[in-house]
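# Topology and contacts: notes
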Protein chains: 2
Amino acid sequence: MPDYSSPARRPTIVDVARAAGVSTAVVSYTLNGRRGVSAATRERVLRAADELGWRPASAARSLRSGPAAAALVVVHDQPFGTRAAFPLDLVTGALQTIGPDTLTLAVHVAGSPADAARLMDRWWTERRYGAFVVTGVRVDDARLAALRSLPAPAVVVGTAPDGGPATWQHVVLDDGAAFAQVGAFLAELGHRRVAMVAGSERLVAPVRRAAALGSALAGHGIELRTVAGDGPERAAAALLPLLAAADRPTAVVTDDDATAGLVLDVARRLGLGVPWDLSVVAGTDSPACYLTAPSLTAVPYPVEELGRATGRALRTALGAGPVSGAGPSPGAGTSSGAAPSVGVEPPRTVPVGRLVVRGSTAPPPGD
Amino acid sequence: MPDYSSPARRPTIVDVARAAGVSTAVVSYTLNGRRGVSAATRERVLRAADELGWRPASAARSLRSGPAAAALVVVHDQPFGTRAAFPLDLVTGALQTIGPDTLTLAVHVAGSPADAARLMDRWWTERRYGAFVVTGVRVDDARLAALRSLPAPAVVVGTAPDGGPATWQHVVLDDGAAFAQVGAFLAELGHRRVAMVAGSERLVAPVRRAAALGSALAGHGIELRTVAGDGPERAAAALLPLLAAADRPTAVVTDDDATAGLVLDVARRLGLGVPWDLSVVAGTDSPACYLTAPSLTAVPYPVEELGRATGRALRTALGAGPVSGAGPSPGAGTSSGAAPSVGVEPPRTVPVGRLVVRGSTAPPPGD
């Protein structure tokens, strides 16, 4: 009869590290077959693991029998609390596709990409999760570097493949197209002096958005001015001189809704009427964009659809097979009609709908 | 030498269920020693588990050796996307106290309390988590009923003990005191017709807040009118007749920031100036409260402090011991000075600071 009340004490990598006289990081590196561990140390770790009877923990089996488990490791070091809404809405969308009986998706919060990478390394060693989801991708993101060397199945939300392993699935929001729409819209209204309050230059997405806006405006002979806007303090510091200058822009585009609210606030303080003196476009639509005065013209943000695409990508990453009748398939929405190359799936591109035009945009003031 | 590449296939409760010819729920009930399973079925399940060599999975060991694991199961069926920000900010606060090397806290999203209860039951059976955190407590919450019958260590955020097991830790935000402040503030400004757009009556916290506001106003001889406000559609439907009536309130209090934004919007459409015709108080401060026009007087919401208290409660629940020099201890902030009774810890009460007064409140219009 099994004893359900006191499960047998199983050795962990902490025990192996202690027995081998090394750190848990060295144990993790060794057990994952990664480079950087000397042959002697490797031998000592493997002998300790063998003598203790260490076995990878239970998560891997669930890939075959129970619900597969994947982890979304969020890096939470952004100053704006509202940013945190994104991962949970994404998970809700993913659950609509996969259902908790097929797959469970745990969200963990790390203070930095390096912390997240360390956790993913440990959990992969312990076979706690069968795949990882990465959102809010940074420039030189430590999480992607860790995943590349493990290597683990992964869903990367927000970036296209750039030489990552074939076991990675990519889900991309077509926000380049959306910001191109913003550029065309402002040019057609007659604006010639346009500025963008950029999002964090540490993140991949804001850089891509600013480039798309700049490129669309350049097509109309308009040069985009870009100012730093990473966090409310930097945005406010950049906005005051920008909007107080004689050659101030007649339209300002932001990377997110909270920064657009700051633009409204600074304009109000400087006595600039929105939209007649200044047009404002928010980078990401949200309930807050509707509640400001005036309400904000904004780029739609189909986060639940992004979540559903992430759920489908997760099924593929975990080998659970596609969902029948499901929305964007790999390659849908990409502009090239080329067949996917063997072994590497093209990203799942989630289209962004038409710009939501509200009260914050109008033709520029007459000269 | 251990074979790291292919962990042994271990039987799961799905296998046990198949062998015994019952559902996984029946297996879970049996293995957790819960009532409602016949003796014959129980015997069949236990024999199948024994023959298959089923053992609880590995998570419990981490309580002794590695980082302990707890799960926060969020129920995400609210219409406002901004609500989702709360759990991640809470987790960030908790991580400030516990650190991922001591404890990992996974956030799962369920579509209903019943779904969440089912997941917690399964994970407890599999020993995947050593404790659970429950936020956004509902009236008759299926998650608390499930935890009560397992029974698992739990941290319940937002409600005081009501006869739950002594293994539960309670973390309470003192928002009753905060809403009493709102009542006193409005009475002192001279308001006599006050309405509250209530939050969801399915949740415990909004009901408590409305009661605290009503009680504070009653102390000044003012009767509170309460209208339904669960979700933007119901709030909008209730607000139009409320604010269009001849005896309309001179001050409206809401349960959250998004609903306060709706009040500003409806007032604008009806030609009511805020604050000179109508004062508005938002139930939960957030960046959005600062960005509206006028900016919103709001109740502070110390979510990171709530997270730190949750982290300390989790350490206690998992037997990890208190953190030295940490903030509110059990019983801090409670009005009674009584010593805690043996076996049941008083809730950790997180104080709410002074009301944040901004541009949306003023004395009522002269009659």
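Model, not experiment: these values are computed from the prediction. (Residues numbered from 1 in each chain as written. Chains lettered and ligands numbered in written order. Predicted model: local features only at pLDDT ≥ 70, side-chain atom pairs only at ≥ 80, totals over all residues. Heavy atoms only, no water.)

## Some points on the domain arrangement of chain A
- Split by domain assignment, chain A resolves into domain 1 (13–56), domain 2 (72–166 + 303–321) and domain 3 (175–291).
- Each of domain 1 of chain A and domain 3 of chain A was reduced to a C-alpha centroid, and the two centroids are 52 Å apart. (Domains from an automatic or database assignment.)

## Quick look at unusual backbone geometry
- Cis geometry is found at the peptide bond from alanine 293 of chain A to proline 294 of chain A, where omega equals -5°.
- Looking at the secondary structure, you find proline 294 of chain A in the loop between helix H12 (287–291) and strand S10 (297–298).
- Note that the residue after valine 274 of chain B, namely proline 275 of chain B, is joined by a cis bond; omega there is 15°.
- The phi dihedral of aspartate 140 of chain A is positive, around 55°, even though this residue is not glycine.
- With respect to the helices and strands, aspartate 140 of chain A occurs in the loop between strand S3 (131–134) and helix H7 (142–149).
- By relative accessible area, aspartate 140 of chain A is classed as exposed at 78%. (Helix = DSSP H or I, 4+ residues; strand = E, 2+ residues; numbered from the N terminus. Buried < 20%, exposed > 50% of the residue type's maximum accessible area, 1.4 Å probe, protein only.)

## With respect to helix H9 (residues 232–244) of chain B
Residue and element names in this part refer to chain B.
- Here H9 contains 13 residues, and its C-alpha end-to-end distance of 18 Å stays within 8% of the 18 Å for a straight helix at 1.5 Å per residue.
- Listing the buried residues of H9 in full gives Ala235, Ala238, Leu239, Leu242 and Leu243.
- Elements in contact with the buried residues of H9: strand S6 (194–197), strand S7 (224–227), strand S8 (251–254) and helix H10 (257–269). (Expected span 1.5 Å × (residues − 1). Contact = heavy atoms within 4.5 Å.)

## Brief notes about the packing of helix H7 (residues 175–189) of chain B against helix H8 (residues 204–218) of chain B
Residue and element names in this part refer to chain B.
- Contact geometry of H7 with H8 gives a least axis separation of 8 Å together with a crossing angle of 40°. When the axis of H7 is compared with that of H8, the two are oblique. When the axes of H7 and H8 are compared, the crossing they make is right-handed. Within the contact between the two elements, H7 uses Asp175, Gly176, Phe179, Ala180, Val182 and Gly183 and H8 uses Ala205, Arg208, Arg209, Ala212, Leu213, Ala216 and Leu217. (Axes fitted to C-alpha atoms, helices over the stretch in contact; angles between N-to-C directions. Parallel < 35°, antiparallel > 145°, perpendicular 65-115°, else oblique. Left-handed = near helix turned anticlockwise from the far one by under 90°.)

## Looking at the pattern of salt bridges
- A complete count under the given rule lists 28 salt bridges over all chains for this structure.
- The salt bridge involving arginine 234 of chain B is made with glutamate 201 of chain B; its shortest N-O contact spans 3.5 Å. A residue pair is termed long-range when its members are at least 10 positions apart, and arginine 234 of chain B in helix H9 and glutamate 201 of chain B in the loop between S6 and H8 qualify at 33 residues.
- Two residues, arginine 312 of chain B and glutamate 305 of chain B, come together in a salt bridge whose shortest N-O distance is 3.2 Å. The residues arginine 312 of chain B and glutamate 305 of chain B share a single accessibility class, namely buried.
- When salt bridges that share partners are traced, they join Asp175, Arg208, Arg209 and Asp255 of chain A into one network. (Salt bridge = Lys/Arg side-chain N within 4 Å of Asp/Glu carboxyl O.)

## Quick notes on the nonpolar core
- Of all hydrophobic cores here, the largest spans 97 residues; its most connected members are Val253 and Leu314 of chain A together with Leu314 of chain B.
- A per-element tally of this core places helix H5 (residues 85–98) of chain A first, with seven residues.
- Sequence-distant contacts of leucine 314 of chain A, that is, excluding residues within four places in its chain, are made with Ala70, Leu103, Leu105, Ala131, Val133 and Val155 of chain A.
- Within the second largest apolar cluster, 44 residues are counted, among which are Trp124 and Val134 of chain A together with Val75 and Trp123 of chain B. (Core = buried A, V, L, I, M, F, W, Y, C linked by side-chain atoms within 4.5 Å.)

## Details of the sheet that holds S7 of chain B
Residue and element names in this part refer to chain B.
- Read across the open sheet, the five strands follow the order S7-S6-S8-S9-S10; overall the sheet is parallel. The open sheet has two free edges, formed respectively by S7 and strand S10 (297–298), since each of these has just one partner strand.
- Two strands pair when backbone bridges link them, and S6 and S8 are joined in this way by four bridges, in the parallel orientation. Of the residues in S8, the one forming a bridge with valine 197 is threonine 254. (Pairing = 2+ DSSP bridges.)

## Thoughts on the state of the cysteines
- Counted under the stated rule, the structure contains zero disulfides over all chains.
- Between cysteine 289 of chain A, a cysteine without a disulfide, and cysteine 289 of chain B, which holds the nearest cysteine sulfur, the sulfur-to-sulfur distance is 15 Å.
- What makes cysteine 289 of chain A buried here is its relative accessible area of 0%. (Disulfide = S-S within 2.5 Å.)

## Concerning the side chain of threonine 92 of chain A
- Following the sequence through the fold, threonine 92 of chain A ends up in helix H5.
- Leave out the neighbours within four places in its chain, and threonine 92 of chain A touches Glu304 of chain A together with His76 and Val109 of chain B.

## Notes on the pairing of strand S4 (residues 154–157) of chain A
Residue and element names in this part refer to chain A.
- Of the two faces of S4, both are covered, the one formed by Ala154 and Val156 as well as the one formed by Val155 and Val157.
- The pairing of S3 with S4 spans three bridges and is classified as parallel. Within S4, the residue paired with valine 134 across the bridge is valine 156.
- A crossover links S3 with its parallel partner S4, the connecting element being H7, and its sense is right-handed.
- Pairing of S4 with strand S5 (residues 168–173), which is carried by four bridges, proceeds in the parallel orientation. Among the inter-strand pairings, valine 155 is bridged to a residue of S5, identified as glutamine 169. (Right-handed = clockwise from strand over helix to strand, strands pointing away.)

## A word on the sheet that holds strand S6 (residues 194–197) of chain A
Residues and elements named next belong to chain A.
- Taken in spatial order, the five strands make up an open sheet running S7-S6-S8-S9-S10, and their pairing is parallel. Every interior strand has two partners, whereas the edge strands, strand S7 (224–227) and S10, have only one.
- Helix-sheet contacts for helix H8 (residues 175–189) involve S6, strand S8 (251–254), strand S9 (279–282) and S10, and the interaxial angle to S8 is about 170°.

## Observations concerning the pairing of strand S9 (residues 279–282) of chain B
All names here are of chain B.
- In S9, alternate side chains face the same way, and those of Ser279 and Val281 on one face and Val280 and Ala282 on the other are all buried.
- Pairing analysis gives three bridges linking S8 to S9, with the strands arranged parallel. Bridging from a neighbouring strand, valine 253 pairs with valine 281 of S9.
- Following the chain from S8 across H10 to the adjacent parallel S9, one finds a crossover that is right-handed.
- Strand direction decides the pairing type here: S9 and S10, joined by two bridges, are parallel. Along S10, the bridge assignment pairs valine 281 with threonine 297.

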